[in-house]
Amino acid sequence: MASPRSSGQPGPPPPPPRPPARLLLLLLLPLLLPLAPGAWGWARGAPRPPPSSPPLSIMGLMPLTKEVAKGSIGRGVLPAVELAIEQIRNESLLRPYFLDLRLYDTECDNAKGLKAFYDAIKYGPNHLMVFGGVCPSVTSIIAESLQGWNLVQLSFAATTPVLADKKKYPYFFRTVPSDNAVNPAILKLLKHYQWKRVGTLTQDVQRFSEVRNDLTGVLYGEDIEISDTESFSNDPCTSVKKLKGNDVRIILGQFDQNMAAKVFCCAYDENMYGSKYQWIIPGWYEPSWWEQVHTEANSSRCLRKNLLAAMEGYIGVDFEPLSSKQIKTISGKTPQQYEREYNNKRSGVGPSKFHGYAYDGIWVIAKTLQRAMETLHASSRHQRIQDFNYTDHTLGRIILNAMNETNFFGVTGQVVFRNGERMGTIKFTQFQDRREVKVGEYNAVADTLEMINDTIRFQGSEPPKDKTIILEQLRKISLPLYSILSALTILGMIMASAFLFFNIKNRNQKLIKMSSPYMNNLIILGGMLSYASIFLFGLDGSFVSEKTFETLCTVRTWILTVGYTTAFGAMFAKTWRVHAIFKNVKMKKKIIKDQKLLVIVGGMLLIDLCILICWQAVDPLRRTVERYSMEPDPAGRDISIRPLLEHCENSHMTIWLGIVYAYKGLLMLFGCFLAWETRNVSIPALNDSKYIGMSVYNVGIMCIIGAAVSFLTRDQPNVQFCIVALVIIFCSTITLCLVFVPKLITLRTNPDAATQNRRFQFTQNQKKEDSKTSTSVTSVNQASTSRLEGLQSENHRLRMKITELDKDLEEVTMQLQDTPEKTTYIKQNHYQELNDILSLGNFTESTDGGKAILKNHLDQNPQLQWNTTEPSRTCKDPIEDINSPEHIQRRLSLQLPILHHAYLPSIGGVDASCVSPCVSPTASPRHRHVPPSFRVMVSGL
C-alpha cells in the first residue's frame, strides 16, 4: 500500500516499478504515448500544476488501444476529460489541490483489467476514486471489489443493467443512464399514444434479457398488457410470426444492430410494417447501421429496399448525448458551446457518444471531493483528504455520501443519482427517409415527456392501434329488403282476404258448397298465418331487444307450424272425404259432415301442439350469438369487423327439427296418396287432386331448396331472410291460387259444368256400345290401359252385382209370365223407340229436376205396355230365351234406371233428395228411383 502524503507538499515521484512492471510499461508505451501521453500522470493537454499543489489522484480505467473495438470510446472521451480538468483547475474548485487523472488501459479484457487495477493500487499513488469502466464484464468485476478498497467508482459508459444491483455494487455510480433507464421513457411514450397492449422481441443475450425483465416490472400495474413475449438466438422469423399471430401491433425490441436487420427482413416477409405496426427498438446503434449489415441481410435474400421499407417509421430509444436546452451548465457554458469546444479539441480523434457523460463525470468527481473536503473541515478530526488510504473506511464513506448528494445541471442535463443510477434524459428518434430524426425526449428527473411538434410521422393518418380494433357488428336484415318483402307479404294477405270474401259470399253456390267452404276458410287461415310469420322472421336485434327476440323465436315457429298444418290439413281432410265416398266398396249410405273434417284438422293441430309444447318445455329456443372471423373494414379504417349473427337455437335442435320435418313429410305423403286415389273422380267441384298434387309438388320442391339454401347462407342474414320469405310467399300463394282461382274462373264462366259429371256422356256411350259387342271393354282397356288399371277391379265388382241383379230380375220376370195378367214382351218393332228412350243422348242434365218420368211416357204410348206381347214369345221357355233380344231389351229397361240412381249420386249426377220412381224414359236420370239400400247420401258438399 502507498502511504499517505503530507498536506501541502508536492508528492514524490512514484516508486520505481519492479522489473516485470517496467517491462510491461516499456511494451505498452509505444501504444499509449500517441494516445494518452498522460498515463501514469495528468491528462493530456492539462496545464501542469505548480509544484506546491498536492494532487488528488483519480484512477482512470478504460480501453485505449486501437486493437479493441471499444478503444475508440476511451480515445474519444479524452478531449472532453481534458476540457473538464482544465476548467476545474481554472476555477480553483479544489484549491489548493488539483485533479491527477491517471489512465490505465483495460483493453476490455477481464484479466488485463484486473491487473491494471491491482498495479494501480500497488504501484501508484493512493487513488481517491475510480473513473471509467466501459466494458461490462471488466467493470462488473472491478466494481464488485471496490467496497474492500473503500473506493467509489464513477462510470461514463457502462450501461449494463447488471451494475444497478446496489447490494452487489454499493460503491458504483455512473453518469450515463442504464439500459433500464429507457423503460420509464417507453412507459411514458406508450401512455402518450394510449398504447395499452404490446409485445416484446428479445435477443437471447443477458443485456437485453435484463432490460426486458425490468420493462415487465415497469409495465406491471400500469394497465399495459404484454400480450406476447418472444425471444430468439439466431433466427427471429419464427418469433416475428408468433407476434403477428397474437395480433401484436406495438413491438418493443431488444437486440443488436446485426440482428435488427434480420428482424426487419422477417417483418417485411410477414407484412408487419406500415401504418398498422410500430416498432420501438434501441437507439444506440451506429449511424447508418443498416448500411453496415446490408451484406449479411442479403444472405437471407432480403433486398435493400425491402429492409428500408420495413424499417420506415421505427422509433429508437436511447440516452441523450447532450442536452438540447440552451442553459449554462456548471462550467458556465451551454451544451452547444461545450460541443464546439470538444470538436475543436479532439483534432482528428473520432468522436464518442459518451464524451458529454465523461465531461460531466469529471465535474461530478470534483464536486464530490469538494463536498468531502468541506465535510472533513467541518469535522473535529481535522483529517485531510490527501490522507486517504484504502483502509480508511470513514473517509471512504464520506466520499460515498458526497457522491449521492450530487445535483447540478451539466452538458447532458440534470445530473442526479438515485440509488447510484443517473436520472438522465432519454431521447426518441424516428427513422424517416433513411435518416434518424429526433422526435421527443423524456426527462427522468421531472418524469415528463416532451414530443417535438410535427416531427414524428406515422405512415397512417393516425398512430397505429395497439391491437386490431375489433368492432363487433351485428349482421342485421336490411331495412329496404324487409320493406320490400313485407310489401309482398301484405299483397299476399290481401289476396288471401279476397279469396276469403269470395268463399264466404258464394258459400251457398253449389260449386262452392260442394267444395266444402269451411275447409276452404281453414286453408285461407293457414295461408294468412304463414304470411304473418314472415314479419316475425324479419325482426332481429336491430329492431327488438334480446328478450323480445328470444320470445319471437318461439312465436314465429309456432305460427308457421300451425299455419302449415291448418292449410294443408284442411285441404287433405276434404280430399279424404271425397276418397271415402268414392272408394266405398259396400255402397252403403255414408254421411261425412264438416264437423268430422274439423275434428280431423283439429287432430292434426293437436299433434303439432304436443310437439311444440314438449319442445318448449324440454328444450326451448334461446337466442344465441355466433361470432364469425374478422373482416377488414370496408371504409379502409384500421379496424376489423367481427360479424355477429343472432340465431334461434337450443341444445338438441337437430332432433326437434327432425321430428317436425318427419311429421310434415308424413302429412305431405298422405296428401299425395289421397290426390292419387281420387284422381279419377270427374266432378270438378269435388276433385282437387290435380291441384293438390301441383301444390304438394311445388311446396315440397321449394321447401327442400329453401331449407338447403337457407342452411348454406346462415351467415348472411339478408340472403337467408330473402330465401325463407320468398319460399313462404311462393308456397302460400301457389296453394291458395291453385285452390281458389279455378273455382273463381268456373263460377264466372260455367258454374253448372263443375257440378256435373264430365264423364257421364262418355260412360253411357260406352255402355251402349257394350250392348252391341262383348269386346268393347277389352278395346277400351287396350286403348287406355294406364287410365283404366285402377277401375278394373271396380268394374269387375259392378259386373258381378249386375249379374246378381239379372238373376233376381229373371225370377221376377218368370213369375210375371206365369200370371194370367202378364203381358207379352215388347214387340220387335218397338225396339228402336225403346232405344231412343233409354239412350244416353236423351238424358238431360237440367238443374230444375224435370218432372217428366218414364211412367208418363208409357201412359202416352199405351202400345208399349207389357200386355202387347207376341204370342210366339209366350210359348218359349224363358230360360232358353234369356239371351234373346227381347230379354236384353227388357233387362236394360229395368236395370239402367236402377243403376243410374245407385251410382250417380256418388259422382254428382243425381240429387241425394231424389226418391221418386223414375219410370219415364223422357225424364231426367236424376229422378229415377233407386232402392234405399243402394243410395248414397252426400252431406255438406
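Residues numbered from 1 in each chain as written. Predicted model: local features only at pLDDT ≥ 70, side-chain atom pairs only at ≥ 80, totals over all residues. Heavy atoms only, no water.

Peer 1: Describe the environment of arginine 422, listing the residues and the values that go with them.
Peer 2: Along the chain, arginine 422 turns up in strand S13 (residues 421-422). Looking at arginine 422, the relative accessible area reads 2%, which means it is buried. Measuring from C-alpha to C-alpha, the distance between arginine 422 and proline 177 comes to 5.1 Å, with 245 residues separating the pair along the chain. With residues near it in sequence (within four places) discarded, arginine 422 still touches Arg174, Thr175, Val176, Pro177, Tyr357, Thr412, Gly413, Gln414, Val415, Val416 and Phe417. Separated by 3.0 Å, the side chains of arginine 422 and threonine 412 make a polar contact. (Helix = DSSP H or I, 4+ residues; strand = E, 2+ residues; numbered from the N terminus. Buried < 20%, exposed > 50% of the residue type's maximum accessible area, 1.4 Å probe, protein only. Contact = heavy atoms within 4.5 Å. Polar contact = N/O pair within 3.5 Å; in protein donor to acceptor, adjacent residues only side chain to side chain.)

Peer 1: Any details on the nonpolar core? Residues and values, ideally.
Peer 2: By size, the foremost hydrophobic cluster in this structure holds 105 residues, and its most contacted members are Phe117, Phe131, Phe156 and Leu369. Examining the composition of this core, we find that 12 residues originate from one element, helix H14 (residues 355-378), more than from any other. Met519, Tyr663, Ala675 and Ile729 belong to the second-largest nonpolar core, a separate cluster that totals 54 residues. (Core = buried A, V, L, I, M, F, W, Y, C linked by side-chain atoms within 4.5 Å.)

Peer 1: Tell me about the confidence of the model for the protein chain, residues and numbers included.
Peer 2: Looking at the protein chain, pLDDT values average 76 and 73% of them are 70 or higher. Below a pLDDT of 50 lies the segment residues 819-880, which in the model reaches 114 contacts outside its immediate sequence neighbourhood of four places, other chains included. (pLDDT = per-residue confidence, 0-100.)

Peer 1: Pulling in residues and values, what's your account of helix H16 (residues 479-505)?
Peer 2: Given a rise of 1.5 Å per residue, 27 residues ought to cover 39 Å, and the 38 Å separating the end C-alpha atoms of H16 matches this to within 8%. For H16, the set of buried residues is Leu481, Tyr482, Leu485, Ser486, Thr489, Gly492, Ala496, Phe499, Phe502 and Asn503. Against the buried residues of H16 lie helix H17 (510-514), helix H18 (517-537) and helix H23 (717-749). (Expected span 1.5 Å × (residues − 1).)

Peer 1: Outline the sheet that holds strand S5 (residues 172-174), listing residues and values.
Peer 2: Spatial ordering of the open sheet is given by S2-S1-S3-S4-S5, a layout of 5 strands whose pairing is parallel. What marks the edges here is a single partner per strand, and that holds for strand S2 (98-105) and S5. Averaged over all adjacent pairs, the angle separating strand axes in this sheet is 25°, with direction ignored. When strand S1 (residues 55-62) meets S2, the two strands line up parallel, connected through 8 bridges. In the sheet register, methionine 62 faces S2, and the bridge partner there is aspartate 105. Contacting S1, S2 and strand S3 (129-132), helix H3 (residues 110-123) crosses the sheet at an angle of about 165° to S1. (Pairing = 2+ DSSP bridges. Axes fitted to C-alpha atoms, helices over the stretch in contact; angles between N-to-C directions.)

Peer 1: Got a sec to walk through the state of the cysteines? Specific residues and values, please.
Peer 2: Covalent bonding between the sulfur atoms of two cysteines is what defines a disulfide. Scanning the model with the defined rule gives 4 disulfides in all. A sulfur-sulfur distance of 2.1 Å marks the disulfide that ties cysteine 265 to cysteine 302. Around the S-S axis, the bridge from cysteine 265 to cysteine 302 shows a dihedral of about -90° and counts as left-handed. A residue pair is termed long-range when its members are at least 10 positions apart, and cysteine 265 in helix H9 (residues 257-269) and cysteine 302 in the loop between helix H11 (294-298) and helix H12 (304-311) qualify at 37 residues. Assigned by exposure class, cysteine 265 and cysteine 302 land together as buried. Linked covalently through their sulfurs, cysteine 553 and cysteine 648 form a disulfide whose S-S length is 1.8 Å. (Disulfide = S-S within 2.5 Å.)

Peer 1: Kindly report on the packing of aromatic side chains, identifying the contributing residues and their values.
Peer 2: Each pair of aromatic rings is reported with the distance of its centres and the angle of its planes. Counted under the stated rule, the structure contains 30 aromatic pairs. Relative to tyrosine 314, the ring of phenylalanine 264 lies with its centre 5.7 Å away and its plane at 35°, an arrangement referred to as tilted. Taken together, the residues span a long stretch of sequence, with phenylalanine 264 in helix H9 and tyrosine 314 in the loop between H12 and strand S10 (315-319) at a distance of 50 residues. Owing to a relative accessible area of 0%, phenylalanine 264 belongs among the buried residues under this scheme. With relative accessibility at 2%, the residue tyrosine 314 sits in the buried group. Relative to tyrosine 357, the ring of phenylalanine 319 lies with its centre 5.1 Å away and its plane at 90°, an arrangement referred to as edge-to-face. Here phenylalanine 319, found in strand S10, pairs with tyrosine 357, found in helix H14; they are 38 residues apart in sequence, far enough to count as distant. Here phenylalanine 319 matches tyrosine 357 in class, with each residue buried. Members of the aromatic cluster, joined through ring pairs, are Phe208, Phe264, Trp279, Trp284, Tyr285, Trp289, Trp290, Tyr314 and Phe431. It is arginine 207 that lies over the ring of tryptophan 284; its NZ or CZ is 4.3 Å from the centre. (Phe/Tyr/Trp six-rings, centres within 6.5 Å; stacked < 30°, edge-to-face > 60°. Lys NZ or Arg CZ within 6 Å of the ring centre and 35° of its normal.)

Peer 1: With reference to specific residues and values, describe empty space enclosed by the protein.
Peer 2: Counted by the stated rule, this structure contains 5 cavities of 30 Å³ or more. Looking at the largest cavity, its volume works out to about 190 Å³. Lining the largest cavity we find 22 residues, and of these Asp179, Val182, Val211, Gln254 and Pro282 sit closest to its centre. Elements with a minimum of two residues in the lining of the largest cavity: helix H6 (182-192), strand S6 (197-203), helix H7 (206-219), strand S8 (250-254), strand S9 (278-282) and S10. A per-class count over the lining of the largest cavity returns 12 nonpolar, 7 polar and 3 charged. Estimates place the volume of the second largest cavity at around 90 Å³. Looking at the second largest cavity, it is lined by 14 residues, and the ones nearest its centre are Gly274, Tyr277, Glu312, Gly313 and Gln459. Across the lining of the second largest cavity, the residue classes break down as 7 nonpolar, 5 polar and 2 charged. (1 Å grid on protein atoms, 1.4 Å probe; cavity = no way out; pocket = protein on both sides within 12 Å on 5 of 7 lines; lining within 4 Å. Points joined across faces, edges and corners; volume = space filled by probe spheres on them. Nonpolar A, V, L, I, M, F, W, Y, C, P; charged D, E, K, R; others polar.)

Peer 1: Account for the packing of helix H20 (residues 594-618) against helix H21 (residues 653-677), with residues named and values stated.
Peer 2: Where H20 contacts H21, the two axes come as close as 11 Å, and the packing angle between them is 180°. Regarding the angle of H20 to H21, the classification is roughly antiparallel. In contact with Met604, Ile607, Asp608, Ile611, Cys614, Trp615 and Val618 of H20, H21 contributes Met653, Trp656, Leu657, Ile659, Val660, Tyr663, Lys664 and Leu667. Partitioned by chemical class, the residues of the contact of H20 with H21 number 13 nonpolar, no polar and 2 charged. (Parallel < 35°, antiparallel > 145°, perpendicular 65-115°, else oblique.)

Peer 1: I'd love a proper account of the packing of helix H2 (residues 71-90) against H14, names of residues and values included.
Peer 2: Any two packed helices are characterised by the angle at which their axes cross and by the distance between the axes. Look at H2 against H14: their axes get within 8 Å of each other, and the N-to-C directions meet at 35°. Two packed elements cross with a definite hand, and for H2 against H14 that hand is right-handed. Across the interface between the two elements, Gly76, Val77, Ala80, Val81, Leu83, Ala84, Ile85, Gln87 and Ile88 of H2 pack against His355, Ala358, Tyr359, Ile362, Trp363 and Ala366 of H14. (Left-handed = near helix turned anticlockwise from the far one by under 90°.)

Peer 1: Please give an account of the pattern of salt bridges that cites residues and values.
Peer 2: Using the criterion set out here, one finds 25 salt bridges in the structure. Here glutamate 107 ties to lysine 112 by a salt bridge, and the two come within 3.0 Å at their closest N and O atoms. The residue aspartate 447 makes a salt bridge to lysine 188 at a minimum N-O spacing of 3.8 Å. Note that aspartate 447 is positioned in the loop between strand S15 (435-443) and strand S16 (448-451) and lysine 188 in helix H6, a separation of 259 residues in sequence. By relative accessible area, aspartate 447 is classed as partly exposed at 38%. (Salt bridge = Lys/Arg side-chain N within 4 Å of Asp/Glu carboxyl O.)

Peer 1: Please provide a residue-by-residue account of the side chain of glutamine 432, values included.
Peer 2: When you line up the elements, glutamine 432 lands in strand S14 (residues 425-432). A distance of 2.5 Å separates a polar atom in the side chain of glutamine 432 from a polar atom in the side chain of glutamine 430. Here threonine 455 takes part through its backbone oxygen, which lies 2.7 Å from a polar atom of the side chain of glutamine 432. Residue contacts for glutamine 432: discarding those within four places in its chain leaves Glu312, Val437, Val439, Thr455, Ile456 and Arg457.

Peer 1: Tell me about the environment of glutamate 291, and please be specific about residues and values.
Peer 2: Mapped onto the fold, glutamate 291 is located in helix H10 (residues 289-292). For the pair formed by glutamate 291 and arginine 304, sequence separation is 13 residues and the distance between their alpha carbons is 9.0 Å. A polar contact is formed between the side chain of glutamate 291 and the side chain of tryptophan 290, at a distance of 3.3 Å.

Peer 1: Break down unusual backbone geometry for me, citing the residues and quoting the values.
Peer 2: Among all residues save glycine, negative phi is the norm, and among peptide bonds the norm is trans. Cis geometry is adopted by the peptide bond preceding proline 96, which originates at arginine 95 and carries an omega value of 10°. Here proline 96 shows up in the loop between H2 and S2. For aspartate 454, which is not a glycine, the phi torsion comes out positive at approximately 60°. With respect to the helices and strands, aspartate 454 occurs in the loop between S16 and strand S17 (469-474). Under the relative-accessibility criterion, aspartate 454 is labelled exposed at 79%.

Peer 1: Go over the side chain of aspartate 608, please, and point to the residues and values.
Peer 2: Tracing the sequence through the fold places aspartate 608 in helix H20. At a separation of 2.7 Å, a polar atom in the side chain of aspartate 608 contacts the side chain of lysine 664. Sequence-distant contacts of aspartate 608, defined by excluding residues within four places in its chain, comprise Thr561, Thr565, Tyr663 and Lys664.

Peer 1: Give a detailed account of the sheet that holds strand S12 (residues 413-418), specifying residues and quantitative values.
Peer 2: In sheet architecture, strand pairing relies on hydrogen bonds along the backbone and comes in two forms, parallel and antiparallel. Within the open sheet, the 3 strands sit side by side as S11-S12-S13. Their pairing is antiparallel. Sheet topology places strand S11 (407-410) and S13 at the edges, where each strand pairs with a single neighbour. Sheet topology note: the S12/S13 ladder contains 2 bridges and is antiparallel. Each bridged residue has a counterpart across the sheet, and for phenylalanine 417 the counterpart in S13 is arginine 422. Together, S11, S12 and S13 form the strand contacts of H14, whose direction differs from that of S11 by roughly 145°.

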